[in-house]
Amino acid sequence: MRYQAREVGVDGRVRLVLEGALTARDRVGVQDFVLLENFNSEAAFIENLRRRFTENLIYTYMGSVLVSVNPYKDLEIYSPQHMERYRGVSYYEISPHIYALSDNTYRAMKTSRRDQCILISGESGAGKTEASKKILLYYAVSCPAHQRMASLRDCLLQSTPVLEAFGNAKTLRNDNSSRFGKYMDIQFDFRGVPVGAHILNYLLEKSRVVHQNHGERNYHVFYQLLEGGTEEQLLHLHLDRNPQKYLYLVKGNCPRVSSMNDKNGWKALVKALSVIGFTEGEELLDVIGSVLHLGNTQFGEEEDGQTYVTTEMELKTLTQLLGVDGAALTEALTHKKLTANGEEMISPLTFEQAGAARDALAQAVYGRTFTWLVEKINQSLALDGSSVIGLLDIYGFEVFQHNSFEQFCINYCSEKLQQLFIELTLRSEQEEYETEGVAWEPVQYFDNKVICDLIEEKHKGIISILDEECVRPGEACDLSFLEKLEDTLGGHAHFVTHKLANGKTRRVLGREEFRLLHYAGEVNYTVTGFLDKNNDTLYRSLKEVMCQSTNHIVEHCFRRGELVDQKRPEMAATQFKNSLTKLMETLMSKEPSYVRCIKPNDAKQPGRFDEVLVRHQVKYLGLMENLRVRRAGFAYRRHFEAFLQRYKPLCPETWPVWQGELAEGVSTLVQYLGYKPEEYKMGRYLVLMNTLYQRRWAVIQAAWRGMKARRRARRRRDAADLIRRLIKGFIHRHEEYGPDNDYFLDHVRCSFLKTLRRNLPRSVLDKSWPTPPPALTQASEELRQLNMRNMVRKFCLAILPEWRKQMDQKVVASELFRGQKDSYPPSVAALFLGTRLGDEHINLKVVQTLGSEKYGVSVIKYDRRGFKPRPRQLLLTGSAIILVEKTKIKQRIDYDALRGISVSRLSDGILVLHVLCEDNKQKADLVLLCDHVIEVVTKVAMMANKVDQVNVSQGSIRFSAARSKEGVVDFTRGPELKVAKGKLNTKH
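Every value quoted in this text rests on a predicted model; they were computed, and no experiment measured them. (Residues numbered from 1 in each chain as written. Predicted model: local features only at pLDDT ≥ 70, side-chain atom pairs only at ≥ 80, totals over all residues. Heavy atoms only, no water.)

1. Let's talk about the state of the cysteines
Inference 1: This structure, assessed with the given rule, holds zero disulfides.
Inference 2: Free cysteine: Cys477, not disulfide-bonded; nearest cysteine sulfur from Cys470 at 11 Å.
Inference 3: Accessibility expressed as a relative area gives 36% for Cys477, which makes it partly exposed. (Disulfide = S-S within 2.5 Å. Buried < 20%, exposed > 50% of the residue type's maximum accessible area, 1.4 Å probe, protein only.)

2. Some remarks on the confidence of the model for the protein chain
Inference 1: Of the residues in the protein chain, 91% reach a pLDDT of 70 or more, and the chain-wide mean stands at 84.
Inference 2: Here strand β1 (residues 6-8) is the element of the protein chain with the lowest mean pLDDT, 37, and helix α7 (residues 220-228) is the one with the highest, 94.
Inference 3: Per-residue pLDDT stays below 50 along residues 1-26; that stretch engages in 50 contacts with residues further than four places along the chain or on separate chains. (pLDDT = per-residue confidence, 0-100. Helix = DSSP H or I, 4+ residues; strand = E, 2+ residues; numbered from the N terminus. Contact = heavy atoms within 4.5 Å.)

3. What about the sheet that holds strand β15 (residues 495-497)?
Inference 1: One open sheet holds the three strands; their spatial order is β15-β16-β17, and the pairing between them is antiparallel. Only two strands of the sheet have a single partner each, and these edge strands are β15 and β17 (521-526). Each adjacent strand pair in this sheet contributes to an overall mean axis angle of 25°, direction not counted.
Inference 2: Across three bridges, β15 lies against strand β16 (residues 513-518) in antiparallel orientation. Bridged to Val496 within β16 is Arg515. (Pairing = 2+ DSSP bridges. Axes fitted to C-alpha atoms, helices over the stretch in contact; angles between N-to-C directions.)

4. With respect to a negative patch on the surface
Inference 1: There is a patch of like negative charges on the surface, built from Glu301, Glu302, Glu303, Asp304 and Glu352.
Inference 2: Counting through the fold element by element, Asp304 comes out in the loop between β10 (299-301) and β11 (307-309).
Inference 3: Judged by relative accessible area, which is 58%, Asp304 ranks as exposed. (Patch = residues over 30% accessible without salt bridge, like charges linked within 9 Å, V, L, I, M, F, W, Y side chains within 5 Å. Areas by Shrake-Rupley, 256 points an atom, 1.4 Å probe, with all protein chains shown as cover. Salt bridge = Lys/Arg side-chain N within 4 Å of Asp/Glu carboxyl O. Lys, Arg positive; Asp, Glu negative; His and termini not counted. Charge placed at Lys NZ, Arg CZ, Asp CG, Glu CD.)

5. With respect to the nonpolar core
Inference 1: Phe166, Leu329 and Met546 are the most contacted members of the largest nonpolar core, which has 107 residues in total.
Inference 2: With 13 residues, the top contributor of residues to this core is helix α14 (residues 351-381).
Inference 3: With residues near it in sequence (within four places) discarded, Met546 still touches Leu322, Val324, Leu329, Leu361, Val365, Val554 and Phe558.
Inference 4: Formed by 69 residues, the second largest nonpolar core is a distinct cluster that contains Phe39, Cys117, Ile462 and Leu482. (Core = buried A, V, L, I, M, F, W, Y, C linked by side-chain atoms within 4.5 Å.)

6. Overview of the side chain of Ser41
Inference 1: For Ser41, the location among the structural elements is in the loop between α1 (18-26) and α2 (42-54).
Inference 2: At 3.1 Å, the side chain of Ser41 and the backbone nitrogen of Ala44 are in polar contact. (Polar contact = N/O pair within 3.5 Å; in protein donor to acceptor, adjacent residues only side chain to side chain.)

7. Considerations on unusual backbone geometry
Inference 1: Following Trp655, the chain continues to Pro656 via a peptide bond in cis, the omega torsion being 0°.
Inference 2: With respect to the secondary-structure elements, Pro656 resides in the loop between α27 (640-647) and α28 (662-672).
Inference 3: We note that Asn56 has phi near 65°; this positive angle belongs to a residue other than glycine.
Inference 4: Although it is not a glycine, His238 adopts a positive phi angle of roughly 60°.
Inference 5: Here His238 lies in the loop between α8 (231-237) and α9 (247-250).

8. Describing the packing of aromatic side chains
Inference 1: The tally for this structure, following the rule as stated, stands at 22 aromatic pairs.
Inference 2: Between Tyr138 and Tyr139, the aromatic rings sit 6.0 Å apart at their centres with planes inclined by 65°, giving edge-to-face as the arrangement. Note on accessibility: Tyr138 and Tyr139 belong to one class, buried.
Inference 3: Each ring, one from Phe180 and one from Phe370, has its centre 4.9 Å from the other, and the planes form 65°; the classification is edge-to-face. With Phe180 in the loop between β7 (177-178) and β8 (181-188) and Phe370 in helix α14, this residue pair connects regions lying 190 residues apart in the sequence.
Inference 4: Judged by its relative accessible area of 4%, Phe180 falls in the buried class.
Inference 5: Put simply, the rings of Phe405, Phe408, Phe481, Phe495, Phe514, Tyr525 and Phe530 touch in pairs and so form one group of aromatic residues.
Inference 6: Here the basic side chain of Lys134 rests over the ring of Tyr78, its NZ or CZ set 4.7 Å away from the ring centre.
Inference 7: Over the ring of Tyr223 we find Arg217; its NZ or CZ atom is 4.0 Å from the centre of that ring. (Phe/Tyr/Trp six-rings, centres within 6.5 Å; stacked < 30°, edge-to-face > 60°. Lys NZ or Arg CZ within 6 Å of the ring centre and 35° of its normal.)

9. Points about the UniProt feature "binding site: ATP" (unreviewed entry) in the protein chain
Inference 1: In the numbering used here, UniProt assigns the "binding site: ATP" (unreviewed entry) feature to Gly122, Glu123, Ser124, Gly125, Ala126, Gly127, Lys128 and Thr129.
Inference 2: Look past the residues within four positions of Gly122 in its chain and what remains in contact with it is Lys128, Tyr395, Gly396, Phe397, Cys597, Tyr620 and Leu621.
Inference 3: Take Ala126: its relative accessible area is 1%, and that puts it in the buried class.
Inference 4: If we skip the residues at most four places from it in the chain, Ala126 touches Asn70, Cys597, Ile598 and Lys599. (UniProt positions renumbered as here; feature names shortened; annotations may be inferred.)

10. A word on the packing of helix α4 (residues 98-112) against helix α5 (residues 128-142)
Inference 1: Between α4 and α5, the least distance of the axes is 10 Å, while the angle of their chain directions is 55°. One element, α4, and the other, α5, form an angle in the oblique class. Where α4 crosses over α5, the two elements pack in a sense that is right-handed. Contact with α4, carried on its side by Ile98, Tyr99, Ser102, Asp103, Thr105 and Tyr106, involves Ala131, Lys134, Ile135, Leu137, Tyr138 and Tyr139 of α5 and no other residues of that element. (Parallel < 35°, antiparallel > 145°, perpendicular 65-115°, else oblique. Left-handed = near helix turned anticlockwise from the far one by under 90°.)

11. Let's talk about the sheet that holds strand β4 (residues 65-69)
Inference 1: The strand order across the open sheet built from seven strands is β3-β4-β18-β5-β14-β8-β9, with neighbouring strands paired in mixed fashion. Looking along the sheet, the strands with just one partner apiece sit at the ends: β3 (59-62) and β9 (194-202). Going from strand to strand, the sheet's axes swing by 20° on average, the running direction of each strand aside.
Inference 2: Across six bridges, strand β5 (residues 116-121) lies against strand β18 (residues 591-598) in parallel orientation. When the sheet's bridge partners are listed, Ile118 is paired in β18 with Ser593.

12. Focus on the pattern of salt bridges
Inference 1: Applying the stated criterion to the full structure yields 43 salt bridges.
Inference 2: Asp240 serves as the salt-bridge partner of Lys245, at 3.4 Å between the closest nitrogen and oxygen.
Inference 3: Residue Asp240 is classed as partly exposed on the basis of its relative accessible area of 31%.
Inference 4: The shortest N-O distance in the salt bridge between Asp863 and Arg870 comes to 2.7 Å.

In structure tokens form, the structure reads like this:
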């Protein structure tokens, strides 16, 4: 806001300078209507709204009520910095904002431990949905966080794009009008942390699926799919990007809206579904596509009156998307099933009835899918909390050129909310004064209970008459319903029809219309379609087909239990009335806060203020009556005990403890503060004041100015001293530690240690280390070594025994063969096994002799005579090396008799086991060939404790052969391994 003065705090955060901001705001009207001088003047009220609106000040208080004017443009007042500015701040301390109301409600919930609710009201296009989104965003960002908070916040915020895509549409008055009612409970734990949420939806306008008025659109999701869906998705759904090809999308003749980007909307929807955790994405697309194909399903009529489907391709696609039987669906669309005396009969539908059945199916599929979507969102948000803040974003009052059943229900809802507002703010306030015995002049206001009774009264209300007409035997129709209304309600002051009206009214009231005089104005309703929409019936045959669907969403939406239940379901209007009754009970159980939204013009143009339109809304929202009650009454009310506890420090006689009666203590306190008798009243239990908060504001403001000035002076003094010490320390930084440089050197050391803490190596392989200042070089090296030892210790402690053994063997193998033998590098990555021969590969007799604790591997042994290759099994036990041929132990070499082990430097698998000549049991050295020479030699060396006796020969290997002869193994490089006998008993 351009009038706000600012200052930078010690933490670097930009803060609002309170007194400068207050002065600037006072120059742009008043920020609280209660402070309006001419509070009885409607013109002054509207002029204050206009002045603030012109300066982009869209929010104004009226006591605890927030009045919001839709700016029809983006304002830079919703950033995280603005959220931080309003968090934890007193409600009237800075400029009015929806964040202030949100924060005040949140703090009231935490301090009083009572559930709260925020009621957002206003007509369509006044900004109710945007207000609810801003409140949700504030709680998601500014409330304390916990481990589930991130996912909950994302699900909470991403539920909005999903509900808007499936539940919002363009109307004549609003490009993003909510066509359903939404009540959300945000659940908090005892610490005030959001832990869950739950959404209730009310009366989706299902008729919009099949019909839209001129200049309006169907629900956003259809246009978003056609505009933003991929080619593969549209090909699968057999859809074209042109919305003009679908009958359910052309009736409003408004395929695109300049203020909306359907492609971006589709991207946002896909992202939201992913975040919330929808796994039925493809099936959901099938349902959306099926609705469009249902609209394009057409019928023909034969000469005998039989109806048949003329669009076979559409029907084929439809059955594929819905996952139902094509023949059964065709039959259900052209015939209905009747039950009489326990017998079922099939009756053909007329051409008009078939079209109505198709439309009813489309509405049922879409409406039930929307309810399923809300259930899925609730599952992602489900977690009970100890406290609740309810958020009501429900229909605004609607008046169109043609108003039908939906507008009747929507305006009935508006009447109930207005009645609740009157109950909680006007009537209850005046009743409280009577209870307290405080004399005051009552304020006259219009109580709309008479209109609510006209609609909902049992047996005599419009809803009861409508239900009776829907169920009575005989030929009931919309006109007969109108006639019954005239007979029953003919003398009511708020009900008029063409028959009951005077001559002047008859000119503008059709013969199929009735007029209700709502609190917000007169509305003419066309009765055409009232009975069908109230019945909301879907032929049983169509339900049976849908229950057989293989699409999981459709299967969930059409339960088989519906076919068994013989009880007549409640009519749509009665269901809605009962839902509203429960909603009112829920809201009455909570402490309410109000956001009253006002639409500045019908053209949705920024900066344009239509006084006539605004005056009408101010009137029907009851804002003037509310203002007069608050001004004529007492804005501040507290119980004696709470008042005395809070303000007793202001009076020497009441501080620190008041010993007498509470009422006497309160009276002593207010008299000491200089209040006049007309400025306060003493009730039976409460003290009531009409100007206390203004006086209190002045006192707090003066104290606040003084405290801020003292803080500012202290900060400047401390900052200058700090800068002086740092500069002096920098100059003497190379000298010995002393008074001239101690602060600077301590700061350098502290900064290095903080940097080191943030950048410590994470593993033993990480050799990085921050560069220390010169004074800390030695200490840095000590810390680096300590840290490395600590990481090594932690690493070693975390190693499992089997991995420790593996690493020991790998270390020995590295010492023996790294850089020595060509076959070593490929063996590094391969694990050494405990054995390469299971017991099933070794003869049972040998296993019984040696036991099961051994290492085994297959080898080739070369004879002493002729050096012929013989397949053998080499077994390593705890004390000896065993050479086995099938069932026979051929040779045993005790580890003590092992003189050494020789291998070549090449990649061959030859190894020679040298034995002691004095051992008579051993005839000669063993020459073996093994595929795992690195592993075998390492294990033999470790088990025999002969690591120092392993020889990697750079040339030939000499060995003792039979009869005290000596043999030589020569090695030459070649493309493949070959072993051949040469002259002088050598091998190659």
